[in-house]
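Descriptive structure summary
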Amino acid sequence: MSYQVPQHISKDKIFIVNRSEIEDRLDPLYYGSDFTKFFKHPFSVRLKDVCVKFASGFGAGKNEQATKDNGFVQIRPTNIDNDGFLKYEKNVYVPFHKGISFVEKGTILFNNTNSQEWVGKTALLSEDIKLYTSNHITSIVVNPQKLIPEYLWIVLNTYQRNKVFYSICTNWNNQSGVGIDLLQSVKIPVLPISAQQKIVDFYISSCWEKQKKDSESQQLLDDIDTYLLHELGITLPEVRNGLKDRVFILNRSELEGRFDPTVYKDGVRLVSPIWDNVKLSKVAFVNLGGAYKGKVVETPISFIPMEVIDETFSEITEMGETTIEQSSGFTKFKEGDLLWAKITPCMQNGKSAIAKNLKNGLGCGSTEFFVMRPKDERLAIEYLHVILHMKCVRETAMLYFGGSAGQQRVPSFYLENFDLPLPSKEKQIEIAQHVYELRHRAKTLQEEGKKILENAKLEVERMIIQ
């Protein structure tokens, strides 16, 4: 009779593995995880038996890089999103390397080195484009007689989500990795080509559905600024960079704390021809303090760090808790105040939100927030919120940045002197509510798209191991 784990011992902490089941590894995390269901599939084979090429890219320090105009994109882990798609938002460019081939269309791009939870993120190059890969990416070319590239892409990302690579990677210097030898030994279920194609078709269809939802969501978000400008009766000036546009005259009375010409040439002033216009400091307090006057130090309050401000929907996603006594050194605010990030890149990314549902109506948070509050009934804080989130406002604020590189901030006088169109209170609320409705619809579409893809991932996993 084989040995049995006593019932009083948690099966999550101890388990039994037969000697015949050991496959070149002795670490318990490998055998104690349920991901071995993939390896034990009757059609499982090692990657090296169904792929014809494994190759790592090359490193390129700052002194070895190029620019967009004279270089080629080098794919790095940051170019692969969490769903396994390539993104080209923050590219690194490298010069032409004689003797090193560009990545071929249909190549699998495997993130071999990263923090442990992200090792194994995998993308597929599905377009004809000249690019290289870094040494943190392993390029894999499949044997087309045995594997469809899209199928392997789906399987490897399924493994990553199931913590397969998390469990088998090696660790060093705060980094984790899966080398080529280890990657080649990983087993995957190799179904018949027809079954692979069925999985690919289903998954790609789900991806397209999600992308359609995301596109509709982004269009709603893009429409917000257009709507606001229309309601304010403002037409943004056309961007001109001709020689005549580089020289201009400015009256001394128009100078507002800055002497650099880009502020006055490229900055946008929201002066409405149909509504009254006021300086923000006339109707709102900027950079407030003293929110706890008269409160006992033991009073529990909310804690809001910068990272919990959603920049897309301009809202607080979660709150911590602290006390007034422990709030020293943090920015202080109260229920209904507007929090607006002053530092790069948070400000230009759109991190701002109205503080709502605070513990005891009080809160504290990042020192990089400006805190704003209406001075009287003329201003609705919701209206100010949507105006200051406008892209043209944030881009103009960037022209006022001061401080050292990487730590630049918007000075308070930019907000204090901000030209604010001031419709009636009722109109302000109408405008803000319409913007919030657009954001809500956009967020709903994104959530629907996310659910479609998450359900597809679960179904694909079932199809692979059935």
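Residues numbered from 1 in each chain as written. Predicted model: local features only at pLDDT ≥ 70, side-chain atom pairs only at ≥ 80, totals over all residues. Heavy atoms only, no water.

A closer look at helix 6 (residues 193-232)
Its 40 residues place the ends of helix 6 59 Å apart at the C-alpha level, agreeing with the 58 Å of an ideal helix rising 1.5 Å per residue. A maximum bend of about 25° is found in helix 6 at I224. Remark: G233 follows helix 6 within two positions and exhibits a positive phi of approximately 70°. (Helix = DSSP H or I, 4+ residues; strand = E, 2+ residues; numbered from the N terminus. Expected span 1.5 Å × (residues − 1). Bend = angle between axes of the 7 residues up to and from the residue.)

Remarks on the pairing of strand 22 (residues 362-365)
Of the two faces of strand 22, the one lined by L362 and C364 and the one lined by G363 and G365 are each fully buried. When strand 19 (residues 331-334) meets strand 22, the two strands line up antiparallel, connected through four bridges. Across the sheet, residue T331 finds its bridge partner in strand 22, namely G365. (Buried < 20%, exposed > 50% of the residue type's maximum accessible area, 1.4 Å probe, protein only. Pairing = 2+ DSSP bridges.)

A word on the pattern of salt bridges
Inspection of the entire model under this criterion finds 15 salt bridges. The residue D337 makes a salt bridge to R373 at a minimum N-O spacing of 2.7 Å. Of the two residues, D337 is situated in the loop between strand 19 and strand 20 (338-341) and R373 in strand 23 (residues 369-374); the sequence distance between them amounts to 36 residues. Its relative accessible area of 0% is what places D337 among the buried residues. Among the residues examined, R373 registers a relative accessible area of 18% and is labelled buried. When salt bridges that share partners are traced, they join D83, E454 and K457 into one network. (Salt bridge = Lys/Arg side-chain N within 4 Å of Asp/Glu carboxyl O.)

Observations concerning the sheet that holds strand 4 (residues 93-94)
An order of 4-3-8 is seen for the three strands of this open sheet, with the pairing classed as mixed. The sheet terminates laterally at strand 4 and strand 8 (131-133), the two strands that pair on one side only. Summarising the sheet, strand 3 (residues 72-75) and strand 8 pair through three bridges and their orientation is parallel. Residue pairing across strands places Q74 opposite Y132, the latter belonging to strand 8.

Examining the nonpolar core
Core analysis: the largest hydrophobic core is formed by 46 residues, its most contacted members being L280, M372, L384, I387 and L420. No other element matches the seven residues that helix 6 contributes to this core. In contact with M372, not counting residues within four places along its chain, are L280, F285, V286, L288, D337, L338, W340, I381, L384, L388 and L415. Listed in part, the 40 residues of the second largest apolar core include I154, Y159, V178 and A456. (Core = buried A, V, L, I, M, F, W, Y, C linked by side-chain atoms within 4.5 Å. Contact = heavy atoms within 4.5 Å.)

As for the sheet that holds strand 9 (residues 137-142)
One open sheet accounts for four strands, arranged 2-9-5-7; its pairing is antiparallel. Both outer strands of the open sheet, strand 2 (51-56) and strand 7 (122-124), are each paired with one neighbouring strand and no more. Going from strand to strand, the sheet's axes swing by 20° on average, the running direction of each strand aside. Here strand 5 (residues 108-111) runs beside strand 9; their pairing, made up of four bridges, is antiparallel. (Axes fitted to C-alpha atoms, helices over the stretch in contact; angles between N-to-C directions.)

Describing unusual backbone geometry
Residue P345 follows T344 across a cis peptide bond; omega there is 0°. One non-glycine residue, K163, lies in the positive phi region at around 65°. Turning to its location among the elements, K163 is positioned in the loop between helix 3 (149-161) and helix 4 (164-168). Of note in the backbone geometry, N360 takes a positive phi value of approximately 60° without being a glycine. Looking at the secondary structure, you find N360 in the loop between strand 21 (352-354) and strand 22. According to the relative accessible area criterion, N360 is partly exposed, its value standing at 49%.

Thoughts on the packing of helix 3 against helix 13 (residues 425-465)
Two numbers describe how helix 3 lies on helix 13: the axes approach to 11 Å, and their chain directions differ by 105°. In terms of axis orientation, helix 3 runs roughly perpendicular to helix 13. Facing helix 3, whose interface residues are Y151, I154, V155, T158 and R161, helix 13 presents K457, V460, E461 and I464. In the contact of helix 3 with helix 13, the residues fall into five nonpolar, one polar and three charged. (Parallel < 35°, antiparallel > 145°, perpendicular 65-115°, else oblique. Nonpolar A, V, L, I, M, F, W, Y, C, P; charged D, E, K, R; others polar.)

Here we look at the packing of helix 10 (residues 381-388) against helix 13
At their nearest, the axes of helix 10 and helix 13 sit 8 Å apart, and the two run at 55° to each other. Taken together, the axis directions place helix 10 and helix 13 in an arrangement best described as oblique. For helix 10 against helix 13, the interelement crossing comes out left-handed. Each of E382, Y383, H385 and V386 in helix 10 lies in contact with helix 13, whose residues at this interface are Q428, I431, A432, V435, Y436 and R439. Across the contact of helix 10 with helix 13, the residue classes tally to six nonpolar, two polar and two charged. (Left-handed = near helix turned anticlockwise from the far one by under 90°.)

Brief notes about the packing of aromatic side chains
Centre-to-centre distance and the angle between the planes together describe a pair of aromatic rings. The final tally for this structure, using the stated rule, is 14 aromatic pairs. Summarising the aromatic geometry, the rings of F58 and Y132 are spaced 5.5 Å apart at their centres and angled 65° between planes, so their arrangement reads as edge-to-face. One end of the pair, F58, is in the loop between strand 2 and strand 3; the other, Y132, is in strand 8, and 74 residues separate them in sequence. Between F85 and W153 the ring centres are 5.4 Å apart and the planes differ by 70°, which places this aromatic pair in the edge-to-face class. Of this pair, F85 sits in the loop between strand 3 and strand 4 while W153 sits in helix 3; the two residues are 68 residues apart in sequence, bridging distant segments of the chain. F85 sits in the partly exposed class, given a relative accessible area of 25%. On the accessibility criterion, W153 (4% relative accessible area) is buried. Members of the aromatic cluster, each reached through a chain of ring pairs, are F58, F72, F96, F102 and Y132. One Lys or Arg, K121, reaches over the ring of W118 and ends 5.6 Å from the middle of that ring. Seen from the ring of F370, K342 lies directly overhead, with NZ or CZ sitting 4.6 Å from the centre. (Phe/Tyr/Trp six-rings, centres within 6.5 Å; stacked < 30°, edge-to-face > 60°. Lys NZ or Arg CZ within 6 Å of the ring centre and 35° of its normal.)

Don't take any of this as a statement about function, it's just geometry.
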